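Understanding the architecture of this molecule
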Amino acid sequence: MNFKKLICSVFMLAALCAAPLAASAAPVTAVRSSVSPARVRLVFDSREPVKYTAEKNGLQLVVTLPEGTALTQKPVFKQDAVIKSITIPAKKKKKAQVVIDLTKDCQYKLYPLKNPDRLVLDIYRIPISKTTMQLSGGVTYTYAQEELNGRPLVSYLVSVAPSARLELRPFSAAGMYNGRGSLAKQAAERGLVAAINASYFDTDGWVIGNVKDKGNFVAMDATPRSGYVVQGNEQKIVRDIAYTGSVTLPDGRALQLKGMNRARIANDLVLFNSYYATSTKTNQYGREVKIKNGRVVAVSTAGNMSLEPGCVVLSGHGTNAAALAGLRLGDHVILTQSLGSSIADAATTVVSGGPLLVENGRVNVRTAEEQMAPDIARGRAPRTAVGLKPDGTLLMLVIDGRSSASAGMTLAELAQYFVKLGAVSAVNYDGGGSSEMVINGKIVNKPSDGRERLVSIGLGLFIK
C-alpha cells in the first residue's frame, strides 16, 4: 500500500478512536494518531498517569487501558503495509482494549509521557537494531538503525575512553601533502583503528578551516569557526578559531598574510610550508622568499619554489610581490601567527569545521555566528561530528542521509542527539557526500554519493 493510502488509513483510525468518551473522569480522554516513513504512532491522552499493559502474540498486539476508559466499538479500518486492522472489542471487566493486527512482525514501543499525561504507542515500520563491538582497549564501535522524529536513521559511533592509548589527530587524505584523496586508503595505510572526514575543502583540495598537527600549521582560515583542540592531555571543543598572520620586514612594515598552503591568487600573500607539497606550484607572475630560522635564505621570481621541512616560503603577487622586492639574502623577518585563542595557540592539535553544536551540555548551534553556508546550515543531510563527554570520552559520529534507509539530520537534531549521548560539547564537520567513517581500513557507512568522495582532511585515531 502506498504512503498516501497509509495516511488516509491512519486518519481514519484517528476518527474512529477519537469518538466521544465517557463523560466521567475517564483516565483516557482521547486518542490521536500520526504516520511517518519510520513509524505509526498512537497517543492516548489522559488527565492522570495511565496504567496499561501490552501483550504481543505473533502478529497481534493488544493494549489494555485502565478502568473508566470508554472506547466505542468501530469497524476494522483499511489494510496497509504494516497494520492490517485496529479494533476495539467490547469491554471486559471495565477495561478497554485496543487490538492491533499486523501484516508482519514489527517492533513496537509503549511508554508514558508527562506534562500532559499521555501514553504513546510507536509501531515501527523499519527494523530497530544496535550492535556494539570492541575495536581496541577503551574503544568501541556502535552501529544503530533507529528512528528519529518519525524518520529512519542509521548512525555510526566510535567512543574512545580517556584510558585508551590512542589520540585523535588530523591527516591528509591525499597522503603526505595537502590535496584530495581517499580517506579509506590513507586510514588503511596508516593502520588507523577508526577515521572520519573532517574540515571543509574546495575542489582542488584547498582546506577551508584551521588545522594544526603536532603544533605545526597545516592549513589556515580567517573565518571564525569552532573546532576540536588538544592542549597538553586535555581535549576541548573551542569556538571562534580564526587565523591571523603577519610578516614584519626589516624596515618595520608588517604585511598581512592572506592565506596558507593554498593556490596563490591576485594581489595575494600566501605562506607555504612543507605540508603543502614539494614546491609552491606557483607561476612566474610573482615573487617568492624562502625563510629559515627568521632569515631570508632564497629569493625567486621564477615561481614554484621548493619546500623543505624547517623552511617556509612567502609568495606574493601584485602589490604584495612589490612589497617583498626589497628583501635580500640574510635579511631578518619576523613571522607572527595566531588562531585568536590562547587555547588554540598553545594546542598541539587543532581541527576546525563548524558550526558549534553543543556547549556546556546544552544545544547551541552557531550557524549565523560562524557564517555557515545555507546548504550546511539548513535541511537534513548526512553529518560528521565530534563530541566530548564530561569524563573526557571522545565521540566520533557519522550519520547516513539522503536515502530511504536513513534521512540524515538537521544541525539541531544532530546537537540534540549528542546531548542524548551525554556530550557536554560537540562540533560539526563537513557533511553531505563527504561524510564517511572508516573502521580498520574499511568504509562502514554508505556515502550519499554512492561511492567514496575524495576529501582533504581526515581525523584518525593514532597510537600515542
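Now for a quick tour of the structure. Just so you know, these numbers come straight off a predicted model, no measurement behind them. (Residues numbered from 1 in each chain as written. Predicted model: local features only at pLDDT ≥ 70, side-chain atom pairs only at ≥ 80, totals over all residues. Heavy atoms only, no water.)

Another aspect to go through is the sheet that holds strand E32 (residues 394-399). If you trace the eight strands from one edge of the open sheet to the other, you get E9-E10-E11-E32-E31-E33-E29-E30, paired in antiparallel fashion. Unpaired on one side and paired on the other, strand E9 (129-136) and strand E30 (362-363) mark the two borders of the sheet. As paired elements, strand E31 (residues 383-388) and E32 share six bridges and run antiparallel to each other. By the bridge assignment for E32, glycine 387 is matched with leucine 395. (Pairing = 2+ DSSP bridges. Helix = DSSP H or I, 4+ residues; strand = E, 2+ residues; numbered from the N terminus.)

Across the sheet, five strands lie side by side as E17-E16-E28-E18-E19; this open sheet has antiparallel pairing. Looking along the sheet, the strands with just one partner apiece sit at the ends: strand E17 (216-219) and strand E19 (234-241). Recorded for the sheet is a direction-independent mean angle of 25° between the axes of neighbouring strands. Sheet analysis places strand E16 (residues 211-213) next to strand E28 (residues 349-352), joined by two bridges and oriented antiparallel. Across the sheet, residue lysine 212 finds its bridge partner in E28, namely valine 350. (Axes fitted to C-alpha atoms, helices over the stretch in contact; angles between N-to-C directions.)

On to the pattern of salt bridges, then. Enumeration according to the criterion identifies 17 salt bridges in this entry. Between glutamate 147 and arginine 39 there is a salt bridge whose closest N-O contact spans 2.8 Å. One end of the pair, glutamate 147, is in strand E10 (residues 139-148); the other, arginine 39, is in strand E2 (residues 39-46), with 108 residues separating them in the sequence. Assigned by exposure class, glutamate 147 and arginine 39 land together as buried. As a salt-bridge pair, lysine 290 and glutamate 308 come within 3.0 Å of each other at their nearest N and O atoms. Here lysine 290 is found in strand E24 (residues 287-292), whereas its partner glutamate 308 is found in the loop between strand E25 (295-300) and strand E26 (312-316), with 18 residues between them in sequence. (Salt bridge = Lys/Arg side-chain N within 4 Å of Asp/Glu carboxyl O. Buried < 20%, exposed > 50% of the residue type's maximum accessible area, 1.4 Å probe, protein only.)

Here strand E8 (residues 118-124) lies mainly inside the structure; six of its seven residues are buried. Pairing analysis gives seven bridges linking E2 to E8, with the strands arranged antiparallel. Each residue of the ladder has a partner; that of leucine 42, found in E8, is leucine 121. In textbook terms, the turn of a hairpin is the stretch between consecutive antiparallel strands, and for strand E7 (residues 108-113) and E8 this stretch comprises four residues, one of which, asparagine 115, has a positive phi near 50°.

What follows is about the packing of aromatic side chains. For any two aromatic rings, the description comes down to two numbers: the centre-to-centre distance and the angle of the planes. Using the criterion set out here, one finds four aromatic pairs in the structure. Here phenylalanine 217 and tyrosine 243 contribute two aromatic rings whose centre-to-centre distance is 5.5 Å and whose plane-to-plane angle is 85°, an arrangement assigned as edge-to-face. One end of the pair, phenylalanine 217, is in strand E17; the other, tyrosine 243, is in the loop between E19 and strand E20 (244-248), and 26 residues separate them in sequence. We classify phenylalanine 217 as buried; its relative accessible area is 13%. (Phe/Tyr/Trp six-rings, centres within 6.5 Å; stacked < 30°, edge-to-face > 60°.)

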